[in-house]
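Results of the structural survey
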Amino acid sequence: MQNSTPAKIEIVDDVSHTLLQCRGVWTLPHLNHVAYILETLHPRASVIWDVSQIDEIDSAGIALWQLYTRSFEQEGIESKLVGVKQDQDQLYKLLYSKPHEALQPPKEPSWLFILGRETHQNVLGIGKFLAFLGEAFILLLYTLLHPSQIRYRSIMAHIYATGATALPIIALSSFLIGVVVAYQSIVQLQKFGADIFIVDMIGISLTRELAPLITAIVVAGRSGSAFTAQIGAMKMTQEIDAMKTMGFDPFTFLVWPRVFALMIVMPLLIFFADLIGIFGGMVIAQAQSHLSFSEFIHRLQGSLPIKHYIIGIVKGPFFAFLIAMVSTYRGFQVSLNTESIGLYTTKSVVNSIFLVIACDAIFSVLLTELKL
Amino acid sequence: MKRIMIEARDIVTAFGESIIHDHINCTVYENEIYALLGGSGSGKSTLLREMILLQRPQSGTLKVLDFDLETITPLEAQSLRRQWGVLFQSGALYSSLSVGENIAMLYHENTDLPPKLIDELIALKIDLVGLPSHARYLYPSELSGGMIKRAALARALALDPKLLFLDEPTSGLDPLSSRQFDALICELRDLLGLTVVMVTHDLDTIHHSIDRFALLGDKKVVAEGTLNEVLQINHPIVNYFFQKGSYGIES
């Protein structure tokens, strides 16, 4: 058994038939060669398989024989088998006890069908998200009537996880944004000798638009994905089903604490990003056009009306609401297979960043029309 | 004397402070269905994981198919892995692949066979474990619990292994499917010359299809042998496990 002479096949052509003399070990690791010989074989009117000298055979060996017997049959060539041992016969009977029907793989639907199906599903998806929001708000009303049910501890934990621990990455990204904006504008402004306007540029663009947007994008990537993955994992391990049976409502326990925490944290993070971003601009202003920090701050007080700053901060809770709602909703959509967690986490981040930018655009148009 | 397939000598396993195995021994011979039995937390699954190179014992020697698992080289380990099949409790099918692709992967990675033959082999294995032939195009998320077990068995049998490890093969199956599963394992053992090592709790399986077993308890192997041999032993864990004197199996 241990001396593994690889599978061999000798082809003896006679006038009326082809004799296939099989020998050696017909097991999976040794069949490669024989399979390719059989593939190129063009037998005469009938084939005789002599299997008496096969030392060992496994299901792959039997499948090989069966496969080519069938393909010879299709060419109208008869096959005969001689020298079958009892154990080989038993194995054959085990493997081919039931008739095998040839099975066509399921057909790929046409692109038109796929387009239609995806569109339909997306339209339904919007409806489902609205239903999710509706259910969440009804439960919010109920919870507000019974304030003892609000999960303060959970809100605190999420404030820490989504806010305090996000400070370093927010600081880094907003500092760099401040640097980039200052650097690019200073080159242009110097052409007109209008270096001093860098202060207005930095102050208004950062506080009103850039800091809120950058913060929201970082939070969507960081906390939004975490929300989806957390809730998705709970769904997979049936924790959410367990909560429901115990009367712990998932909206009260999982959704609203995250939404509230993010809505509280986001304005604070935007304020923090404002500070660091302006500091980044100050550093560049001093390095590139020798504008000292005190001059910069003095100029900033005059050139940055408070409304820009307030508009930036007010956007925070709106962005936070969108991010938290979309990411928890996507978490609940996770199904029982492992792939869906990755799929819905991706969807959650993509959707929330898109919604944040769309919301920002609406703010921009509305506020400009209102002359703010 | 039959060939020894797995030999465990003086195995000690501990997770931090808590000792799981305290110098345990067991032997699996060729062509037998061997079970690791014991209550929850008795370390039978851990022992199985050690046998299939997922975990290392703290001390002791463990030989599988004459390879010493402590000194095994990565290449030897690769060839050893090709000679066994493992059925995990939850199936552990790759969820991004269909059942057919789950099986095909093993052929593509380990052999050079023509696609036609691989196709035939996949159909064979799916048939062998009693799945309907269209199941090869289904994804694990579309299968029921019993079908997942069968598909996972088909995958474990793909390379015609010498050794088959089963972790609770009949858990989550209805009684009839469990018996069919047991019968299938016995038939495969007879015809393919398999050696089967399983962790099980199913008393019917223990009664009808297992040749020998080790009963783990209290960090030791309390008893090893055939059912009749073990039932002669008067030991609190044996008595408790087989519910001697109340209901369950009478000696």
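Residues numbered from 1 in each chain as written. Chains lettered and ligands numbered in written order. Predicted model: local features only at pLDDT ≥ 70, side-chain atom pairs only at ≥ 80, totals over all residues. Heavy atoms only, no water.

Glancing now at the pattern of salt bridges. All names here are of chain B. Tallied over the full model, the rule gives 19 salt bridges over all chains. The closest approach of N and O atoms between Asp22 and Lys220, which form a salt bridge, is 3.7 Å. Linking Asp22 in strand S2 (residues 18-29) with Lys220 in strand S10 (residues 220-225), this pair joins segments that are 198 residues apart in sequence. On the basis of relative accessibility, which here comes to 26%, the residue Asp22 falls in the partly exposed class. A residue is classified by how much of its surface remains accessible, and Lys220, at 39% relative accessible area, is partly exposed. Put simply, Asp119 and Arg136 hold a salt bridge, and the shortest N to O gap is 3.0 Å. Of the two residues, Asp119 is situated in helix H4 (residues 115-128) and Arg136 in the loop between H4 and helix H5 (145-156); the sequence distance between them amounts to 17 residues. The class for Asp119 is partly exposed, based on a relative accessible area of 41%. Take Arg136: its relative accessible area is 11%, and that puts it in the buried class. (Salt bridge = Lys/Arg side-chain N within 4 Å of Asp/Glu carboxyl O. Helix = DSSP H or I, 4+ residues; strand = E, 2+ residues; numbered from the N terminus. Buried < 20%, exposed > 50% of the residue type's maximum accessible area, 1.4 Å probe, protein only.)

Moving on, we get to the domain arrangement of chain B. Residue and element names in this part refer to chain B. When cut into domains, chain B gives domain 1 (1-83 + 163-251) and domain 2 (96-160). Put simply, the middle of domain 1 and the middle of domain 2, counted by C-alpha atoms, are 26 Å apart. With 15 residues of domain 1 at the interface, the matching set in domain 2 holds 11 residues. Contact between domain 1 and domain 2 buries roughly 1,000 Å² in total, counting both sides, with carbon and sulfur atoms accounting for 70%. The largest per-residue losses of area from domain 1 upon contact with domain 2 belong to Arg82, Phe181 and Leu184, which jointly make up 42% of the total buried on that side. Our count for the contact surface shared by domain 1 and domain 2 stands at 0 salt bridges. Between the two partners, domain 1 and domain 2, sit 4 residue pairs in polar contact (both at pLDDT 80 or more). Where the side of domain 1 that touches domain 2 is concerned, the elements lending two or more residues are strand S7 (163-167) and helix H6 (175-192). (Domains from an automatic or database assignment. Contact = heavy atoms within 4.5 Å. Buried area = accessible area lost by both parts, 1.4 Å probe. Polar contact = N/O pair within 3.5 Å; in protein donor to acceptor, adjacent residues only side chain to side chain.)

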